[in-house]
Amino acid sequence: MCDNNSCGSARPNMKPVYPKADKYPEFAKLVDEEKSQVDRRVFTDEEVYQAELKQIFARAWLFLAHDSQIPNPGDFIRTSMGEDDIIVVRQRDKSVGAFINSCPHRGNRVCHVDSGKKSRGFICNYHGWSFGIDGGLRGTDGGVYDKDETFEKSEIGLPPVAQVQSYKGLIFGAFDPEAPSLEEFLGDFTFYLDIMLDNDQGGTEFIGGAIKSEISCNWKFPAENFVGDILHASWTHQSGAQAILGGGVDLGKRYDELAFQASIYGHGIESNLDKVGNTRTLGYPDLVDYVFDLSEKAKDRLGEVRARAIGAVSSSNVFPNFSFLPGQNTFRVWHPRGPDKIELVVWTIVNKNAPDHIKEQYRKGVMMTFSPGGVFEMDDGENWEYSTKVNEGYMTRQQPLHYALGVGTLDEERDLPGIVHKGSKNEANQRLFYSRWAEFMKYDNWDDLQNSKVTLPQNKKQQWSD
Amino acid sequence: MTILDIAVPFSNFSDYADALTERLLTQRLFAEARILDKEGYEEWLADFIDEKIQYWMPDMETRRRDDVRGTFCYGEAAYFDDSIKELTIRVKRYNEPSAWADNPATRHVHLISNIEVFNTEIANHYAVCSVFENIRNRNMADQDVIHGRREDIWKLENGVFKLVIRRIFIVQNVLLSKNLNTFL
Ligand code: FES
Ligand SMILES: [Fe+2]
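Since the structure is predicted, the reported quantities are computational estimates derived from the model, not experimental observations.

## Notes on the overall build of chain B
Along chain B, the regular secondary structure elements total 3 helices and 6 strands. Its helices and strands taken in sequence order, chain B reads α-α-β-β-α-β-β-β-β from the N to the C terminus. The C-alpha radius of gyration computed for chain B amounts to 17 Å, which stays within 12% of the reference 16 Å derived for 184 residues, consistent with globular compactness. With respect to the principal axes defined by its C-alpha atoms, chain B has extents near 45 × 45 × 30 Å. Across the 184 residues in chain B, those meeting the buried criterion constitute 55%. Considering only residue pairs separated by 6 or more positions, chain B has 66% of its internal contacts joining residues 24 or more positions apart. Surface accessibility of chain B: about 8,400 Å² in total, with carbon and sulfur atoms responsible for 53%.

Quick look at the structure:
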């Protein structure tokens, strides 16, 4: 480094670094809103992928944990934000901190386990620097720095995720100190999140543990699938539906009247409002009864429409990569691991006040359907892998992809928040997901992002309390 | 009857079964593997699986040695926690021509080894430990390999050994495969 006496006279600046976003107008153009088509480079190109990590995953609010996973001070879980390894830990004042899981000395990973209870802190295996649950440096092995005046302990720590906030039990983090509040980021999409998070007094919890698996696909294929692709269900999942229900996927008798897609800032949900279609696929009659009763009771809390959505044939994705299925009660994150790989983490959510046997049936039901050995999920992975892999062909990846189902089905009448389209068999939400993606590529500031012409619903200011 | 409690993994067995029983159960495990390799799932259910089967494969967590919770726990996330009802549904899916993850067919090998057979406190119930390597290959070059250990209870009834308990402990934390389109 240097070989004279001035060396080391300036101290390291150990303040956490939160880089500013950039603008990638060329990448934004890969989404052609006019023609409802998407350029395959969004799934394959390494530069596009690196831009995603910077523009999307280093800025957007990303799901970290459910409150129930870390109830007590010192309880922690490890997760990812994009490709960054993150520790999420409950603080003594009951707030939640999230930190980059990398020692500021040589960068070694500090925490190697999936989760822990009542931890007092984290000690790096390399040279023994230790950190409190607030991320701050507590000491070093043997106290070797204690008499060193240049060692500014107070400035050193695990780099914190700039913002951590929660919504009805779900904890999110954002690296960007400038990001608007979580509620602003979600916008009126909270109306739809409440279908799962607030259909019963007492709130929700995650069942312990998580199933993790690797799929060799681009992260956007599963995200766009959950944001609004019920189209695939009757074909891809014919085998699973046949095995469990003895028939095809049923979209409900009142499909034409009730089914819809809604999108807000790229977050999306599609539902047939058929009450129990998704729950039925878990294969336990008791669960169907439970959801019928719940739906009846939930009318007071949620109103007629959302009460019908609790167990309905439906799916949802919170931009960018946090998905869930009402009725089947699986929540999951598709962590990017390169343009052609993801790590999928799957949890089961239940109402805290649900009887034990109901919780147990949800746990088993998710295992039967939406886990690696599940009769539905098995056939999804195969599709997403080949949708990704086939683009290794140079000529193949020059060919456009078609996203035009339901163009012209905008529903301006429907009394629901968001950009609403008629019918759930539609690709409207997927188009809006990619529009949001393009906005993150195009804009370097939140003012533009939150006032976008395309993904911001015009009815933003309306109130949706039933 | 702790040996029939799915939630309690084997502790130390020392009472080895006699040579004939060991031979018969070893043959049984190999025959089972051969049936699974050829995707004979209905045959597997009918000939090898007891009506009271408890078939459990927990999620293996990475936790510190001093974490009292251990690395897996019955009642938490799992890949399988099946009774005959759930196994039957899974088998039904395999029989559908539109089970796309299995059409074209997957090529399977189940390698079974380290077999140990013990008597238990219940007559005609044998504890069998084994390890497996499961290889699945599909299409051109898709290959998934899983290793793990199994703890079985096999019950001898009317001259036939049937599986009543199977615990499957794989060595992976993140399943390094897109799916689990097999039984282990
Ligand atoms: S890298 Fe962590 S103490 Fe040196
Ligand atoms: Fe699917």
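## With respect to the coordination of the iron ion (ligand 2)
Around the iron ion (ligand 2), the protein supplies His232(A) (NE2), His237(A) (NE2), Asp380(A) (OD) and Asp380(A) (OD) as donor atoms, at distances of 2.1 to 2.4 Å. Each of the 4 donor atoms bound to the iron ion (ligand 2) contributes to angles spanning 56 to 156°, and the resulting shape is irregular.

## Looking at the packing of helix H11 (residues 285-307) of chain A against helix H12 (residues 356-369) of chain A
Residue and element names in this part refer to chain A. The contact between H11 and H12 brings their axes to 10 Å, and the two run at 115°. The two elements H11 and H12 cross, and the hand of that crossing is left-handed. Counted together, Asp286, Leu287, Tyr290 and Val291 of H11 and His357, Ile358, Gln361 and Tyr362 of H12 form the full contact between these two elements. Residue composition of the contact of H11 with H12, grouped by class: 5 nonpolar, 2 polar and 1 charged.

## Points about the domain arrangement of chain A
Residues and elements named next belong to chain A. Per the domain assignment, the segments making up chain A are domain 1 (62-165) and domain 2 (187-450). Of the residues lining the interface, 10 residues belong to domain 1; the matching set on domain 2 comes to 14 residues. Of the roughly 1,000 Å² buried at the junction of domain 1 and domain 2 (both faces included), carbon and sulfur atoms supply 58%. When the buried area of domain 1 at its contact with domain 2 is split by residue, Phe63, His66 and Glu83 rank highest and sum to 48% of it. Inspection of the domain 1/domain 2 interface yields 1 salt bridge. Between Asp114 and Lys212 there is a salt bridge whose closest N-O contact spans 3.0 Å. In this structure, the connection of domain 1 to domain 2 is made through 6 residue pairs in polar contact (both at pLDDT 80 or more). At the level of secondary structure, the elements contributing two or more residues to the side of domain 1 that touches domain 2 comprise strand E3 (62-66) and strand E4 (76-81).

## A short note on the interface of chain A and chain B
Counting residues at the interface gives 42 residues for chain A, matched by 41 residues for chain B. Contact between chain A and chain B buries roughly 3,600 Å² in total, counting both sides, with carbon and sulfur atoms accounting for 53%. When the buried surface of chain A facing chain B is broken down by residue, Met367(A), Met378(A) and Glu382(A) rank first, second and third, together holding 15% of it. The tally of links between chain A and chain B comes to 5 salt bridges. A salt bridge links Glu385(A) to Lys178(B); its shortest N-O distance comes to 3.3 Å. At the surface where chain A touches chain B, the tally comes to 28 residue pairs in polar contact (both at pLDDT 80 or more). Looking at the side of chain A that touches chain B, the elements that each hand over two or more residues are strand E7 (115-116), strand E14 (211-215), helix H7 (231-236), helix H8 (238-245), H12 and helix H13 (377-389) of chain A.

## Section: the pattern of salt bridges
For the coordinates displayed, the defined rule picks out 43 salt bridges over all chains. Measuring nitrogen to oxygen at the nearest pair gives 3.2 Å for the salt bridge that ties Asp194(A) to Lys168(A). Of this pair, Asp194(A) sits in helix H5 (residues 190-197) while Lys168(A) sits in the loop between strand E11 (163-167) and strand E12 (170-174), placing them 26 residues apart in sequence. Among the residues examined, Lys168(A) registers a relative accessible area of 36% and is labelled partly exposed. Across the pair Asp152(B) and Arg166(B) runs a salt bridge, and its minimum N-O distance is 2.8 Å. Of the two residues, Asp152(B) is situated in strand E5 (residues 142-157) and Arg166(B) in strand E6 (residues 160-170); the sequence distance between them amounts to 14 residues. The two residues Asp152(B) and Arg166(B) agree in class, both being buried. When salt bridges that share partners are traced, they join Lys168(A), Asp194(A), Asp198(A), Arg301(A) and Arg306(A) into one network.

## Overview of the environment of Gly266(A)
All names here are of chain A. By secondary structure assignment, the location of Gly266 is in the loop between strand E15 (260-264) and strand E16 (267-271). Residue class for Gly266 comes out buried when judged on its relative accessible area of 0%. For the pair Gly266 and Ile230, spaced 36 residues apart in sequence, the C-alpha separation works out to 17 Å. Each residue touching Gly266, except ones within four places of it in the same chain, is listed here: Val227, Asn317, Phe319, Leu432, Phe433, Arg436 and Thr455.

## Regarding the nonpolar core
One finds Tyr192(A), Phe331(A), Trp437(A), Trp44(B), Tyr55(B), Ile170(B) and Phe183(B) to be the most contacted residues of the largest nonpolar core, which totals 167 residues. Each of domain 1 (62-165) and domain 2 (187-450) of chain A gives at least three residues to this core. In terms of nonpolar packing, the next biggest core, distinct from the first, is built from 17 residues, Phe76(A), Val89(A), Phe122(A) and Leu137(A) among them.

## A few points about a negative patch on the surface
Residue and element names in this part refer to chain A. A contiguous patch of negative charge on the surface is contributed by Glu46, Glu47, Glu83, Asp84 and Asp340. Assignment of secondary structure puts Asp84 in strand E5 (residues 84-90). You can call Asp84 partly exposed: its relative accessible area is 37%.

## Observations regarding the sheet that holds strand E1 (residues 49-58) of chain B
Residues and elements named next belong to chain B. The strand order across the open sheet built from 6 strands is E2-E1-E6-E5-E4-E3, with neighbouring strands paired in mixed fashion. Two strands bound the open sheet, and with one partner strand each, they are strand E2 (78-82) and strand E3 (107-119). Strand-to-strand twist of the sheet, defined as the mean angle between neighbouring strand axes without regard to direction, takes the value 20°. Bridge count for E1 against E6 is 4 bridges, and the pairing is parallel. Each residue of the ladder has a partner; that of Ile49, found in E6, is Leu163. Packing of helix H3 (residues 84-94) onto the sheet brings it into contact with E1 and E2, and relative to E1 it is tilted by some 80°.

## Regarding the sheet that holds E12(A)
All names here are of chain A. Spatial ordering of the open sheet is given by E3-E12-E11, a layout of 3 strands whose pairing is antiparallel. Each having just a single partner strand, E3 and E11 make up the two edges of the open sheet. The mean inter-strand angle of the sheet, taken between neighbouring strand axes irrespective of direction, is 30°.

Reading the values: rules and limits
Residues numbered from 1 in each chain as written. Chains lettered and ligands numbered in written order. Predicted model: local features only at pLDDT ≥ 70, side-chain atom pairs only at ≥ 80, totals over all residues. Heavy atoms only, no water. Helix = DSSP H or I, 4+ residues; strand = E, 2+ residues; numbered from the N terminus. Rg over C-alpha atoms; globule rule 2.2 N^0.38 Å. Buried < 20%, exposed > 50% of the residue type's maximum accessible area, 1.4 Å probe, protein only. Contact = heavy atoms within 4.5 Å. Areas by Shrake-Rupley, 256 points an atom, 1.4 Å probe, with all protein chains shown as cover. Donors = N, O, S within 2.8 Å, 3.2 Å for Na, K, Ca; no water. Tetrahedral: all angles 85-135°; square planar, octahedral: opposite > 155°, others 65-115°. Axes fitted to C-alpha atoms, helices over the stretch in contact; angles between N-to-C directions. Left-handed = near helix turned anticlockwise from the far one by under 90°. Nonpolar A, V, L, I, M, F, W, Y, C, P; charged D, E, K, R; others polar. Domains from an automatic or database assignment. Buried area = accessible area lost by both parts, 1.4 Å probe. Salt bridge = Lys/Arg side-chain N within 4 Å of Asp/Glu carboxyl O. Polar contact = N/O pair within 3.5 Å; in protein donor to acceptor, adjacent residues only side chain to side chain. Core = buried A, V, L, I, M, F, W, Y, C linked by side-chain atoms within 4.5 Å. Patch = residues over 30% accessible without salt bridge, like charges linked within 9 Å, V, L, I, M, F, W, Y side chains within 5 Å. Lys, Arg positive; Asp, Glu negative; His and termini not counted. Charge placed at Lys NZ, Arg CZ, Asp CG, Glu CD. Pairing = 2+ DSSP bridges.

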